[in-house]
Amino acid sequence: MNALNLAIADGITITKRNVLKIKRAPDLLGGVVMLPIVFVLLFAYVFGSMISVPGMSYQEYLIPGIFVVTIVQSAQITGYTLTQDLQKGIFDRFRTLPMAPTAVLTGQTLADLLTNFTSVVVMALVGLLVGWRVHSSPAEVVLGFLVLLLFAYAFSWVTATVALALRTPEVFNNIATLMSFPLVFLSNAFVDSARLPGPLQVVADWNPVSTLVQAARVLFGNTDPALPAPDTWPLQHPVAASLLWTALLLVVFVPLATRLYKKAVSR
Amino acid sequence: MSPAIMAEGLVKKYGDVVALDGMNLSVPEGTVLGLLGPNGAGKTTTVRILTTLLRPDAGRATVAGCDVVRDAARLRSRIGASGQYAAVDEHLTGAENLEMIGRLHHLGTERSRRRARELLERFDLTDAADRPVRGYSGGMRRRLDLAGALVADAPVLFLDEPTTGLDPRARAALWDVIAELVAGGTTVLLTTQYLEEADRLADRIAVVDHGHVIALGTADELKARIGGDRIELTVTSSRDLETVRRALAPLAAGDVQTDATALQVTIPVSNGAASLTTALGHLAAERVTVRDAGLRRPTLDEVFLTLTGHQATDHTEKETAR
Ligand SMILES: Nc1ncnc2c1ncn2[C@@H]1O[C@H](COP(=O)(O)OP(=O)(O)OP(=O)(O)O)[C@@H](O)[C@H]1O
Ligand SMILES: [Mg+2]
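Residues numbered from 1 in each chain as written. Chains lettered and ligands numbered in written order. Predicted model: local features only at pLDDT ≥ 70, side-chain atom pairs only at ≥ 80, totals over all residues. Heavy atoms only, no water.

(A) Inspection of the overall build of chain B at higher detail. Counting secondary structure elements, chain B contains 11 helices and 14 strands. Taking the principal axes of its C-alpha atoms as reference, chain B extends roughly 70 × 45 × 40 Å. Considering chain B as a whole, with its 322 residues, one finds that 52% of them fall into the buried category. For chain B, restricting intrachain contacts to residue pairs at least 6 apart in sequence, the fraction spanning at least 24 positions comes to 68%. When the accessible surface of chain B is totalled, it reaches about 14500 Å², and 48% of it is carbon and sulfur. (Helix = DSSP H or I, 4+ residues; strand = E, 2+ residues; numbered from the N terminus. Buried < 20%, exposed > 50% of the residue type's maximum accessible area, 1.4 Å probe, protein only. Contact = heavy atoms within 4.5 Å. Areas by Shrake-Rupley, 256 points an atom, 1.4 Å probe, with all protein chains shown as cover.)

Rendered as structure tokens:
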């Protein structure tokens, strides 16, 4: 087998392993199914009743933001699972096998892409139940989900990198939560970023989460016509900018995570 | 023919701790080498270097003709390994664990599945095959991990303390498996804390202390150096201790040791059971009442005392659980 076929075959084997694992680990599966449901219901009803967006239902405005917040959270499963595996001896087993070393990380991130896909489906269904509707062509809707999932995949590599640098599940959980808070809340996910005070508004305008939320709103037809048009490039071209962010994250974090993996397991 | 496992001057340091200090090994194809040594001697470190889990700081080593550093990828396709701590996936079932290993050895789905079933049967895990490993006992995990080392039928096998945590039946079964593999031409390096086990399984034994080999030979050669078997006698009164010592001195092949609190005398002898019969005859003539008498192999402690002049003390603070 040549190196590429080997990497693909081993990647598939490890993906299957991780999918089985998620199916059997109630805490992870709970995260994949429960988190989206809770997020949609919580934000749609609690915040939805307090905040009003002119010209449309707040649900429609809010749901794309919740999609993005949930996938950013779900991508942390990648890092969390890696730190758990690091505590056990299973990586020692893998490293004495004639497998492609990259398969551990590609298999992990691909399995998490599948779970993220499940999360997105659950969210969409719950969203439809609480009144979310799309107002765009089927092709745009499909593209919307695609852009979300691609970003989620890239973000899995970010959390993998953090996890491999920190190594223990407890430390990882703390740091990952600390990191995801500003990403999620200093964005336009829940409020129009124009309402934020000056410096925070700049952060929110350039935050990749805002870009992705805007892309989802545009592609699902959930933009608010009453709001003024955004004045930064990523928010004016959110789909292209989201794909650029995705590519950038992959280019930076795939090699970084791979290097850290080698370092973490050879101690 | 070049040896299946060869190590020359391996050095490994962890900060200030010198784990390996000039480890040399040579294991001919189709033979079993037992690495025998106390806690912290460097057995696991040696195995981890030879299975490409660690890089040596100095020295070189080859396994099945592949260099452990430069040729690591090729090396891995020629070995099976089971570490000191079971490396199994908690969430997968026993069968899924072994199938995964088979697929990662690129045996193909069908062969991996068949091989998994064979090995589960072999290690008496058929009933537990489809249960997640999370619910396995320690000994069951250990057996599954050992089965994992055998999936690929590799020509060279590394087993780090393979029988630790196994009940007597599982231990005997493993000994049979190893004997069978070696008869088929497999080369095995195993580590153990028990002289008896090394004696039973290994063609040659390397006694390791402070990161290098301090004695090497067949079990018989080593035993000859450390004075063969021991007669252990327990008497009923401390007054008899001196009588026993005097009466049996002619039989002793080394220092006779007496333990006044346990009322025990230990006499190294060279003729095994024959010596024991003679000894009991002498004692009957002296009218000493013997409460317990037996013949036993030297313990690891005694081997160490003889070979190094110091007791086999644990020179680490290392805990056994990870
Ligand atoms: N990861 C590590 N970090 C620091 N020191 C280590 C590490 N691994 C091993 N050592 C040290 O290296 C030495 C050799 O350890 P090793 O595990 O090879 O011993 P061993 O012969 O396998 O002992 P045991 O019978 O307890 O398994 C010990 O002094 C140990 O403390
Ligand atoms: Mg050890």
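That was the structure; now back to the text.
(B) The arrangement of the environment of Ile 231 of chain B in detail. Residues and elements named next belong to chain B. Positionally, Ile 231 belongs in strand β11 (residues 230–235). Considered as a pair, Ile 231 and Val 256 are 25 residues apart in the sequence and their alpha carbons are 9.8 Å apart. Contacts of Ile 231, omitting those with residues within four sequence positions, involve Val 265, Thr 266, Ile 267, Val 269, Ser 275, Leu 276, Ala 279, Gly 294 and Leu 295.

(C) Representation of the coordination of the magnesium ion (ligand 2) within the structure. Within the protein, the magnesium ion (ligand 2) binds to Thr 44 of chain B (OG1) and Gln 84 of chain B (OE1); these donor distances fall in the range 1.8 to 2.1 Å. Taken together, the positions of Thr 44 of chain B in helix α1 (residues 43–50) and Gln 84 of chain B in the loop between β6 (79–82) and α3 (94–104) put the pair 40 residues apart, joining distant regions of the chain. (Donors = N, O, S within 2.8 Å, 3.2 Å for Na, K, Ca; no water.)

(D) Representation of the packing of helix α4 (residues 76–87) of chain A against helix α8 (residues 169–185) of chain A within the structure. All names here are of chain A. One can describe the packing of α4 onto α8 by two numbers: an axis separation of 9 Å at closest approach and a directional angle of 165 degrees. With respect to their mutual orientation, α4 and α8 come out roughly antiparallel. You can see that α4 and α8 cross each other, and the crossing is right-handed. On α8, the residues touching Gln 76, Gly 79, Tyr 80, Thr 83, Gln 84 and Gln 87 of α4 are Pro 169, Phe 172, Asn 173, Ala 176 and Ser 180. For the contact of α4 with α8, a count of residues per class yields 4 nonpolar, 7 polar and no charged. (Axes fitted to C-alpha atoms, helices over the stretch in contact; angles between N-to-C directions. Parallel < 35°, antiparallel > 145°, perpendicular 65-115°, else oblique. Left-handed = near helix turned anticlockwise from the far one by under 90°. Nonpolar A, V, L, I, M, F, W, Y, C, P; charged D, E, K, R; others polar.)

(E) Local environment of the packing of aromatic side chains. Residues and elements named next belong to chain A. Using the criterion set out here, one finds 11 aromatic pairs over all chains in the structure. Taken together, a centroid distance of 6.0 Å and an interplanar angle of 15 degrees make the contact between Phe 151 and Phe 155 stacked. Of this pair, Phe 151 and Phe 155 are both found in helix α7 (residues 138–166), 4 residues apart, which corresponds to roughly one turn of the helix. For Phe 151, a relative accessible area of 2% corresponds to the buried category. Taking relative accessible area as the criterion, Phe 155 reaches 9% and is therefore assigned buried. Through a chain of ring-to-ring contacts, the aromatic side chains of Phe 67, Trp 132, Phe 145 and Phe 220 assemble into a single cluster. Over the aromatic face of Tyr 61 sits the side chain of Arg 217, whose NZ or CZ is 3.8 Å from the ring centroid. (Phe/Tyr/Trp six-rings, centres within 6.5 Å; stacked < 30°, edge-to-face > 60°. Lys NZ or Arg CZ within 6 Å of the ring centre and 35° of its normal.)

(F) Representation of the interface of chain B and chain A in the model. On the side of chain A, 24 residues touch chain B, which itself brings 29 residues to the contact. A combined buried area of about 2500 Å² lies between chain B and chain A, and 59% of that area is made up of carbon and sulfur atoms. The interface formed by chain B and chain A contains 4 salt bridges. Between Arg 93 of chain A and Asp 145 of chain B there is a salt bridge, with its nearest N and O atoms 3.0 Å apart. Scanning the region where chain B abuts chain A turns up 9 residue pairs in polar contact (both at pLDDT 80 or more). Per-element accounting of the side of chain B that touches chain A gives the leading share, 5 residues, to α3 of chain B. Grouping the constituent residues of the side of chain B that touches chain A by class yields 12 nonpolar, 8 polar and 9 charged. (Buried area = accessible area lost by both parts, 1.4 Å probe. Salt bridge = Lys/Arg side-chain N within 4 Å of Asp/Glu carboxyl O. Polar contact = N/O pair within 3.5 Å; in protein donor to acceptor, adjacent residues only side chain to side chain.)

(G) Focus on the layout of surface pockets. Quantified by volume, the second largest pocket comes out at close to 570 Å³. Surrounding the second largest pocket, 23 residues form its lining, Arg 95 and Lys 262 of chain A together with Thr 52, Ala 72 and Arg 76 of chain B being those nearest its centre. For the lining of the second largest pocket, the secondary structure elements donating two or more residues are α5 (90–95) and α12 (238–265) of chain A together with α2 (72–76) of chain B. Looking at the lining of the second largest pocket residue by residue, the classes come out as 16 nonpolar, 2 polar and 5 charged. (1 Å grid on protein atoms, 1.4 Å probe; cavity = no way out; pocket = protein on both sides within 12 Å on 5 of 7 lines; lining within 4 Å. Points joined across faces, edges and corners; volume = space filled by probe spheres on them.)

(H) Here's a closer look at the sheet that holds strand β1 (residues 5–14) of chain B. All names here are of chain B. Strand order in the open sheet formed by 4 strands is β2-β1-β4-β5, and the pairing between neighbours is antiparallel. Of all strands in the sheet, those with a lone pairing partner are β2 (17–27) and β5 (66–67), marking the two edges. Running over the sheet, α1 touches β1, β2 and β4 (58–63) and is turned about 65 degrees from β2. (Pairing = 2+ DSSP bridges.)

None of this, on its own, says anything about what the molecule does.
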